[in-house]
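Fold and contact review
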Amino acid sequence: MFSKSNASLLPYNTFGFDVRVTNLIQIDSIQELQKLYSEGFFQKSFKVISGGSNLLLTQDLNVPVLLLRIPGITKIDETDQFVCVEFGAGENWHECVVHCVENHWHGIENMSLIPGCIGAAPIQNIGAYGTELKDVFESLTAFNVNTGNFEIFNIEQCQFGYRDSFFKQHGQGKYIITSVTLKLSKLANINTQYGDIQSVLSQKNISNPSLKDVSAAVIEIRKSKLPDPQLLGNSGSFFKNPIIDKQLGDELSKKYVDLKIFPINDNQVKIPAAWLIEKAGWKGHKRKNVGVHEKQALVLVHFGGGSGTEVYELAKDVQSDVANKFGVQLEFEVNIW
Ligand code: FAD
Ligand code: NAP
């Protein structure tokens, strides 16, 4: 266990904000969590950080922060058709994807290059290009900070929703995810129908793509559209794509013929938040040290030398402008500290 007082979170958040915490404690094993519990650590406030790629840090924090780095990749079950693999919470998500692709295990290739650690993936049920974590989820183990016990959660108990789960709602602050088990298919099960994957493969004359081809196509598309946090601070999509009443969706699509609408159920539709923000005139907007990304309006960026508060204020302005112009309330996807 590594511990540092008055530590900076600068190296641990992809927006690149230099906020201080009273103590940064790196957790490398489940035993270290049990030790902290026996010392009464969890009786006071604390926070958990993994890859820091879904966070906006707006102020110094007067609490200790646990940096989750529990490692491990263990095959726990296998048949001719599937394999179940348990990943330690601190494993890097994209490296887990690469591991699965190299082993010809299908299921998470469309989520290539998502930053962060696998222990945070269930928190917002990460998703991209038509796949969500819940599609391959088997179970997870989480440390209950009130009892000191480890609990196993199945898919129902996680209450996964669109960029949402039990751990973002009632379970927030009560559990630390220590491992995640995925059930991956050993049978070919490729989905190239979403977004630009098919057209990128066609440009390369790939008609029968392998897992590696799909992963490479996703990586290529993402690199062309999304800012690399190493070069330009950001936390990916700042807002969720709103799910609205079908009636409002119908009204908007009559008014704006270029608006794409995706059905969720008989009464609700999903609309792209990026379209709303761009249509409202914010794409490429720059305000001092922060702005709205020029290629993807859903991504707020930090050019350097700014603060999380600047991003927060920009986000609030975007939110209220979109509400005024379209009657749609955007919800933050990023966690604000
Ligand atoms: P952190 O930012 O460290 O934490 C996020 C939240 O989870 C915090 O509230 C934290 O307290 C909590 N938490 C973290 N670890 C644990 C744990 N072990 N136990 C309990 N609580 C925990 N997301 C998508 O869904 N799809 C995408 O395609 C996508 N693309 C992105 C692209 C870019 C360029 C960036 C910067 C971000 C993108 N994201 C995307 C958002 C982000 O990468 C994911 O949400 C990711 O899962 C966050 O992981 P993390 O380890 O960085 O979590
Ligand atoms: P895109 O392909 O330009 O599509 C725009 C939006 O329309 C997406 O957000 C997507 O919603 C929705 N969409 C497109 N095709 C769809 C379909 N067939 N069915 C249902 N919804 C559809 O999106 P993009 O910005 O380049 O991102 C590509 C993928 O990466 C998306 O899945 C996106 O969620 C993911 N991504 C996420 C983050 C993040 O931080 N959360 C950052 C970058 C990219 P969904 O978002 O619901 O898929």
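Residues numbered from 1 in each chain as written. Chains lettered and ligands numbered in written order. Predicted model: local features only at pLDDT ≥ 70, side-chain atom pairs only at ≥ 80, totals over all residues. Heavy atoms only, no water.

**Observations concerning the site of ligand 2**
Around ligand 2 there are 16 residues in total, and Tyr 194, Lys 225, Lys 270, Gln 296 and Glu 333 lie nearest to it. A distance of 2.8 Å separates an oxygen atom of ligand 2 from a polar side-chain atom of Tyr 162. Within the side chain of Arg 163, a nitrogen or oxygen atom sits 3.0 Å from an oxygen atom of ligand 2. With the chains in place, 77% of the 800 Å² that ligand 2 exposes on its own is no longer accessible. At the level of elements, strand 8 (127–128), helix 5 (211–225) and strand 13 (233–237) are the ones that each hand at least two residues to the shell around ligand 2. (Near = heavy atom within 4 Å. Polar contact = N/O pair within 3.5 Å; in protein donor to acceptor, adjacent residues only side chain to side chain. Areas by Shrake-Rupley, 256 points an atom, 1.4 Å probe, with all protein chains shown as cover. Helix = DSSP H or I, 4+ residues; strand = E, 2+ residues; numbered from the N terminus.)

**Some words on the environment of Cys 84**
Among the structural elements, Cys 84 can be located in strand 7 (residues 82–88). Setting aside chain neighbours within four positions, we find Cys 84 in contact with Thr 74, Lys 75, Ile 76, Asp 77, Glu 138, Thr 181, Leu 182 and Lys 183. (Contact = heavy atoms within 4.5 Å.)

**Digging into the site of ligand 1**
Residues in contact with ligand 1 amount to 33 residues; listed here are only the nearest, Val 48, Ser 50, Gly 51, Ser 53 and Arg 222. Contacts to ligand 1 include Val 48, whose backbone N or O atom sits 2.6 Å from an oxygen atom. Bound to the protein, ligand 1 loses 92% of the 980 Å² it would expose on its own. Of all the secondary-structure elements, those providing two or more residues to the shell around ligand 1 are strand 3 (47–49), strand 8, strand 12 (175–185) and strand 13. A breakdown of the residues in the shell around ligand 1 according to their chemical character gives 17 nonpolar, 14 polar and two charged. (Nonpolar A, V, L, I, M, F, W, Y, C, P; charged D, E, K, R; others polar.)

**Quick notes on the sheet that holds strand 10 (residues 137–144)**
Reading across from one edge, 6-7-12-10-11 is the order of the five strands in this open sheet, with antiparallel pairing throughout. Each edge of the open sheet is held by one strand with a lone partner, namely strand 6 (73–78) and strand 11 (150–153). Recorded for the sheet is a direction-independent mean angle of 20° between the axes of neighbouring strands. Bridging between strand 6 and strand 7 involves five bridges; their strand directions are antiparallel. Residue pairing across strands places Thr 74 opposite Glu 86, the latter belonging to strand 7. (Pairing = 2+ DSSP bridges. Axes fitted to C-alpha atoms, helices over the stretch in contact; angles between N-to-C directions.)

**Concerning helix 8 (residues 308–326)**
For helix 8, built from 19 residues, the straight-helix expectation of 27 Å at 1.5 Å per residue is met to within 8% by its first-to-last C-alpha distance of 27 Å. Structurally, helix 8 contributes buried residues whose contacts are with strand 4 (55–56), helix 6 (246–255), helix 7 (273–279), strand 17 (286–287), strand 18 (290–292) and strand 19 (299–302). Two residues or fewer after helix 8 comes Gly 327, characterised by a positive phi angle close to 70°. (Expected span 1.5 Å × (residues − 1).)

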